[in-house]
Amino acid sequence: MNLVAPSTAYCISYHLGGFPRIFKTRDSEGPVCSLKFVTLLVALSPEFLFLGAGLQLRDNGYDGLLVAVNPQVSEDQNLIPNIKEMITEASFYLFNATKRRVFFRNVKILIPATWKAGNYSKVKQESYEKANVIVTDWYGAHGDDPYTLQYRGCGKEGKYIHFTSEFLLNDGLTAGYGSRGRVFVHEWAHFRWGVFDEYNNEKPFYINGQSQIEVTRCSSDIAGIFVCEKGPCPQENCIISKIFQEGCMFIYNSTQNATSSIMFMQSLSSVVEFCNASTHNQEAPNKQNQMCSLRSVWDIITDSDDFSNSLPMNGTELPPPPTFSLVQAGDRVVCLVLDVSSKMAEADRLLQLQQAAEFYLMQIAEIHTFVGIASFHSKGEIRAQLHQINNDDDRKLLVSYLPVTVSAEAETSVCSGLKKGFEVVEKLNGKAFGSVMILVTSGDDEHITNCFLTALSSGSTIHTIALGSSTVKNLEELSHLTGGLKFFVPDKSNSNSMIDAFSRISSGTGDIFQQHIQLESTGENVKPQHQLKNTVPVDDSVGNDTTFLVTWQTSGPPELVLFDPNGRKYNMDDFIINLAFRTAHLRIPGTAKPGLWTYTLNNTHHSPQALKVTVTSRASRSAMPPATVEAFVERDSTHFPHPLMIYAIVRRGFYPVLNATVTATIEPETADPVMLKLFDDGAGADVIKNDGIYSRYFFSFAVNGRYSLKVHVNHSPSKRTLAHSIPGSHAMYAPGYITNGNIQMNAPRKPVGRSEEEQKWGFSRISSGGSFSVLGVPADPHPDVFPPCKIIDLEAVKEEEEVILSWTAPGEDLDQGQANSYEIRVSKSLQNIQDDFNNAILVNTSKLNPQQAGTKEIFKFSSELFTNRPEYQPDGEAQKSHRIYMAIRAVDRNSLKSAVSNIAQASLLILPNSSPVLDRDDLILKGVLTAIGIIGIICLTIVVTHCVLNRKKRAGKKENETKLL
């Protein structure tokens, strides 16, 4: 991206923030300065290029790592030194583990505004929502497990690393986790490089390729012993009928020779490396093998952009320790920068802006926020200087400064508007640091790039809202440079996207108890004498400051009727009506009653009306965090035919919300909206099942241009709401160690259970997911270019003489529709099926018909089909490998094939070194039966002997009698 065009003339001025400003001059005689000035800027301020860029790697060092402490964390002066110590240790440990490739150069720690002790620098564009590492007091079922929230596949960056303040302050926890620096590196690999854990608490052991019982670990050289409740015990005492007996575990030696792997057990002192191709355990049933197609952690890391763009540092010296900056947010300062060019008169854009801005000022902007207003067309204008919101009168005063007419000029100058916005916010402290600009425009401004450097250096965060299809194409770059959000509002009378955009913009402090939560957002073109009627569930976690907003397009207001759960009626007289902006809003006094609220809007006019309803609320009590939804797309733009992935994180506090109905609404510039259900099923675009992250591929591109995203979450009270543990990739907690032959157990992790109260009401949540752009969409109907998505959850179970496979069905196109057929192949060689799937043994699947995408598939086949083949027969008397490896891919109607799935494995025969281990009751029964059998044999022998002797006696007696005769 060219920040500045070389043919443009600029004037330069310095403001109190210490950074130069660049604005294009109107001089037509030619440029008076050149791009050499940008070089001068960098020379004057080397960090200039890295402002707003966030975390990045430069000359082997990471710049811009942001650690944010949640406002709910109590002030503790030991916390910050411990964070510094952790990252400093992690930097050297990471440098050695990556073979002198990367380290941490500088780190920012965002201090809550509620903390008083300390002289901290003022934030620029940092906020809690942008942090790479967060520190909170929300505990999971496993107490203080550090974890990384990973929502994408192998090799993809995660969302954040999470630590609790207890983990950072309690030194006693290091016995089980290892030193905090080592834990940080474990989590960093999850977050930065998209690798996964190499242990598996759900499957702690498996049968390896030599038909031996093996503990799930990496590398396999890490040694230990089985421990029962009373001490060390033989393996057969712990593994009964192929499951771990209760009270049994595998404890590792505290002293090891193995040097890997950090993603398995970072707490071992000998572990200083990631598993590579020579040490990686491909057979272990862990997440790394499942998600990364059996590739080693080191293989994934070395394929990353970090390693592609850097070489190991020369010499033997260690890098310098990280430098830390402590920053803290001051007063919240917001400036609305609003387009009033003649373009805003089209498609009721000004009316939509008035309605959304009024709602923002009256309801969404938090108490004590300083707000100013600027507008622009070809020139900028200050409409209202900063005014602090302390009560409703302050809010109404700010509303009175909103524009009521548009200019006759069609030309727009975004830079002129931003310049006025910066002037407004700088009146408070002389700087724009930490301020927020909400920029709304519908015009095309070819000179917008002229203020990119200004925006970058301002220290302000710019949220952009584009209206209509003619808006300047690179408007969103301002958001990208400053870490702001970006939105798009289509020219559709029944779209509520403008209000949704303003509702999404929050203070970014991370304090969910102070932020508004959107419960409803709907719009509909209602015919004359018809009505818009619906119910909104208000659950008991919200209810404070609950507001119903109704907007209309033409004529007078509709007839309004609202009923609370107890049947109390609110009508037109209870609403505050603004006829100029065509809005009506009702704020429920106190805490709104939980239950279903029913609204009815009657269009009493003789023409159709575009009627819209928005409902927001806030948390009802600090002891219980409300359910929230965060919607976003994988990337800002795509080019046909590459699909996008849509995500919605639904949770209460940090607990995933399960069994929710999550629907995404995608609105293009001109075509009809697309409704898309999102799923948390661990298939298709969804990487991990039941982590509260609902996902789906989106590829129904109708036109080129911008698309708007909104997500609606509904949850029924009859369904289980919360998962029992926090999702994510967790650092392993060692239960104990074997030291000098003695068992030394660590304190068990304290499960901090969540108390899930019975939910009498469901809940509803709305969130805008911003906007994205699509290019290259063909005008004519395009051929099928989307194959079925990759199957990522293939599992195999051996039962008697059958192998049972299970997986989630993909679609005809990615994760939508119904595939045409499956191709299942089997090999006795793990490497062969991984590298040469097409030449593995093909399983007959002629009777297997794919089901609808998202359905659980089950397929059985006989293992004898493979064990009876000559290549599977053992050489000599020794029985060797009796394992098979399986993979699958789906095929659509046009013979497009999915990528090969993850590889599943199964053991075909009983262990060669022993008979199946039976449980204690079976052993007793076997002993009794054996004893009875032995006794029976003895008795039978005695009887037979007795009979033989008697017969001999009778024969001898007859012989004597004959002789006598």
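Definitions and cut-offs
- Residues numbered from 1 in each chain as written.
- Predicted model: local features only at pLDDT ≥ 70, side-chain atom pairs only at ≥ 80, totals over all residues.
- Heavy atoms only, no water.
- UniProt positions renumbered as here; feature names shortened; annotations may be inferred.
- Pairing = 2+ DSSP bridges.
- Helix = DSSP H or I, 4+ residues; strand = E, 2+ residues; numbered from the N terminus.
- Axes fitted to C-alpha atoms, helices over the stretch in contact; angles between N-to-C directions.
- Patch = residues over 30% accessible without salt bridge, like charges linked within 9 Å, V, L, I, M, F, W, Y side chains within 5 Å.
- Areas by Shrake-Rupley, 256 points an atom, 1.4 Å probe, with all protein chains shown as cover.
- Salt bridge = Lys/Arg side-chain N within 4 Å of Asp/Glu carboxyl O.
- Buried < 20%, exposed > 50% of the residue type's maximum accessible area, 1.4 Å probe, protein only.
- Lys, Arg positive; Asp, Glu negative; His and termini not counted.
- Charge placed at Lys NZ, Arg CZ, Asp CG, Glu CD.
- Parallel < 35°, antiparallel > 145°, perpendicular 65-115°, else oblique.
- Left-handed = near helix turned anticlockwise from the far one by under 90°.
- Contact = heavy atoms within 4.5 Å.
- Phe/Tyr/Trp six-rings, centres within 6.5 Å; stacked < 30°, edge-to-face > 60°.
- Lys NZ or Arg CZ within 6 Å of the ring centre and 35° of its normal.
- Polar contact = N/O pair within 3.5 Å; in protein donor to acceptor, adjacent residues only side chain to side chain.
- Core = buried A, V, L, I, M, F, W, Y, C linked by side-chain atoms within 4.5 Å.
- Expected span 1.5 Å × (residues − 1).

The protein is annotated in an unreviewed UniProt entry as Calcium-activated chloride channel regulator 2 from Capra hircus. Per UniProt, the protein has the following entry under Sequence similarities (unreviewed entry): "Belongs to the CLCR family."

Taking strand neighbours across the sheet as the criterion, the four strands line up as 27-33-29-30 in an open arrangement whose pairing is antiparallel. With one partner strand each, in any of the chains shown, strand 27 (531-538) and strand 30 (569-571) form the two edges of the open sheet. For this sheet, the mean angle separating the axes of adjacent strands, direction not counted, is 15 degrees. Where strand 29 (residues 559-563) lies against strand 33 (residues 595-602), five bridges are found, and the strand directions are antiparallel. Of the residues in strand 33, the one forming a bridge with glutamate 559 is asparagine 602.

Together, Ile225, Ile743 and Met745 give the surface a local cluster of nonpolar side chains, amounting to about 210 Å² of exposed area. With respect to the helices and strands, isoleucine 225 occurs in strand 14 (residues 224-228). Overall, isoleucine 225 belongs to the partly exposed group, its relative accessible area being 31%.

Attention now goes to a negative patch on the surface. Together, Glu799, Glu800, Glu801, Glu802 and Glu864 make up a region of like negative charge exposed at the surface. Within the fold, glutamate 801 resides in the loop between strand 47 (795-799) and strand 48 (802-808).

Geometrically, the link from cysteine 218 to serine 219 is a cis peptide bond, its omega value of 5 degrees lying close to zero. Residue position: serine 219 is located in the loop between strand 13 (213-215) and strand 14. For the bond from phenylalanine 640 to proline 641, the omega torsion is 10 degrees, close enough to zero to count as cis. With respect to the helices and strands, proline 641 occurs in the loop between strand 36 (637-639) and strand 37 (644-652). At arginine 582, a position not held by glycine, the phi torsion is positive, near 60 degrees.

Another aspect to go through is the packing of helix 2 (residues 79-97) against helix 5 (residues 180-193). At a minimum axis separation of 8 Å, helix 2 and helix 5 run at an interaxial angle of 70 degrees. Regarding the angle of helix 2 to helix 5, the classification is roughly perpendicular. Note on packing geometry: the crossing formed by helix 2 with helix 5 is right-handed. On helix 5, the residues touching Asn82, Met86, Ile87, Glu89, Ala90, Tyr93 and Leu94 of helix 2 are Arg180, Gly181, Arg182, Phe184, Val185, Trp188 and Trp193.

So, on to the pairing of strand 19 (residues 323-328). Both strand 7 (residues 106-111) and strand 19 contribute to a ladder of six bridges, which runs parallel. When the bridges of strand 19 are listed, isoleucine 111 appears paired with glutamine 328. Sheet topology places strand 8 (residues 121-122) next to strand 19; two bridges connect them, and they run parallel. Residue lysine 122 lies in a different strand from strand 19, and its bridge partner there is glutamine 328.

Structurally, the position occupied by proline 589 is in the loop between strand 32 (583-587) and strand 33. When its relative accessible area of 63% is taken as the criterion, proline 589 is described as exposed. A C-alpha to C-alpha distance of 8.2 Å links proline 589 and asparagine 544, two positions 45 residues apart in sequence.

It is worth spelling out the packing of aromatic side chains at this point. Applying the stated criterion across every chain yields a total of 34 aromatic pairs. Both rings, one in tyrosine 177 and one in tyrosine 733, keep their centres 4.8 Å apart while their planes meet at 70 degrees; by these two values the pair is edge-to-face. With a gap of 556 residues between them, tyrosine 177 in helix 4 (residues 174-177) and tyrosine 733 in the loop between strand 43 (729-730) and strand 44 (736-739) connect regions that are remote in the sequence. In this pair, the class of tyrosine 177 matches that of tyrosine 733, namely buried. Here the aromatic rings of tyrosine 252 and phenylalanine 264 are separated by 5.5 Å at their centres, their planes lie at 80 degrees, and the arrangement is edge-to-face. Of this pair, tyrosine 252 sits in strand 18 (residues 249-253) while phenylalanine 264 sits in the loop between strand 18 and helix 7 (287-291), placing them 12 residues apart in sequence. Taken as a pair, tyrosine 252 and phenylalanine 264 share a single burial class, namely buried. Three or more aromatic residues link up through ring pairs in this structure, and these residues are Tyr62, Phe104, Phe163, Phe167, Tyr177, Phe184, Trp188, Phe191 and Tyr733. Over the aromatic face of tryptophan 298 sits the side chain of lysine 99, whose NZ or CZ is 5.3 Å from the ring centroid. Lysine 159 extends its terminal NZ or CZ atom over the ring of phenylalanine 632, reaching a point 4.4 Å from the ring centre.

What follows concerns the pattern of salt bridges. Under the criterion given, the structure shown has 33 salt bridges. With its nearest N and O atoms 3.5 Å apart, the salt bridge here joins glutamate 157 to arginine 192. Here glutamate 157 is found in the loop between strand 10 (147-149) and strand 11 (160-164), whereas its partner arginine 192 is found in helix 5, with 35 residues between them in sequence. Aspartate 545 serves as the salt-bridge partner of arginine 587, at 3.4 Å between the closest nitrogen and oxygen. Of the two residues, arginine 587 sits in strand 32 while aspartate 545 sits in strand 28 (residues 542-551), which places them 42 residues apart along the sequence. Accessibility expressed as a relative area gives 29% for arginine 587, which makes it partly exposed. When salt bridges that share partners are traced, they join Asp392, Arg395, Asp545, Arg587 and Arg618 into one network.

With that settled, the discussion passes to the side chain of serine 495. With respect to the helices and strands, serine 495 occurs in the loop between strand 25 (486-489) and helix 15 (497-504). Overall, the relative accessible area of 3% leaves serine 495 in the buried class. Side-chain polar atoms of serine 495 contact the side chain of glutamate 667, separated by 3.2 Å. Non-local contacts of serine 495, meaning those with residues more than four positions away in its chain, are made with Gln352, Pro490, Lys612 and Glu667.

In terms of nonpolar packing, the biggest core is built from 70 residues, with Phe184, Trp188, Trp193 and Phe274 touching the most fellow members. Ignoring anything within four residues of it in the chain, the contact list for phenylalanine 184 reads Leu65, Met86, Ile87, Ala90, Phe104, Val133 and Phe163. Counting 53 residues, the second largest nonpolar core, distinct from the first, contains Leu110, Ala131, Phe640 and Phe772.

The next thing to look at is helix 15. Burial analysis of helix 15 places eight of its eight residues in the buried class, which makes it a mostly covered element. Turning to helix 15, its buried residues are Ser497, Met498, Ile499, Asp500, Ala501, Phe502, Ser503 and Arg504.

Once that is clear, we can look at the environment of glycine 508. Here glycine 508 shows up in the loop between helix 15 and strand 26 (517-526). Taking C-alpha positions, glycine 508 is 5.7 Å from serine 127, a pair spaced 381 residues apart along the chain. Excluding its chain neighbours within four sequence positions, the residues that come into contact with glycine 508 are Ser127, Tyr128, Glu129 and Gln515.

Along strand 11, five of the five residues are buried, which leaves the element largely enclosed by surrounding structure. Neither face of strand 11 is exposed, since Tyr160, His162 and Thr164 on one face and Ile161 and Phe163 on the opposite face are all buried. Two elements, strand 9 (residues 133-136) and strand 11, share four bridges in a ladder whose sense is parallel. When the bridges of strand 11 are listed, threonine 136 appears paired with threonine 164.

A separate point is helix 5. For helix 5, built from 14 residues, the straight-helix expectation of 20 Å at 1.5 Å per residue is met to within 8% by its first-to-last C-alpha distance of 19 Å. Burial analysis of helix 5 places 14 of its 14 residues in the buried class, which makes it a mostly covered element. Looking at the residues trailing helix 5, positive phi occurs at glycine 194, about 65 degrees.

A few words now on the packing of helix 10 (residues 349-364) against helix 15. Following both chains from N to C, one finds helix 10 and helix 15 inclined at 30 degrees, their axes separated by 9 Å at the closest point. By the criterion of interaxial angle, the relationship of helix 10 to helix 15 is roughly parallel. Helix-helix and strand crossings are classified by hand; for helix 10 and helix 15 the assignment is right-handed. For the pair formed by helix 10 and helix 15, the contact residues are Arg349, Gln352, Leu353, Ala356, Ala357, Phe359, Tyr360 and Ile364 on the first element and Met498, Ile499, Phe502 and Ser503 on the second.

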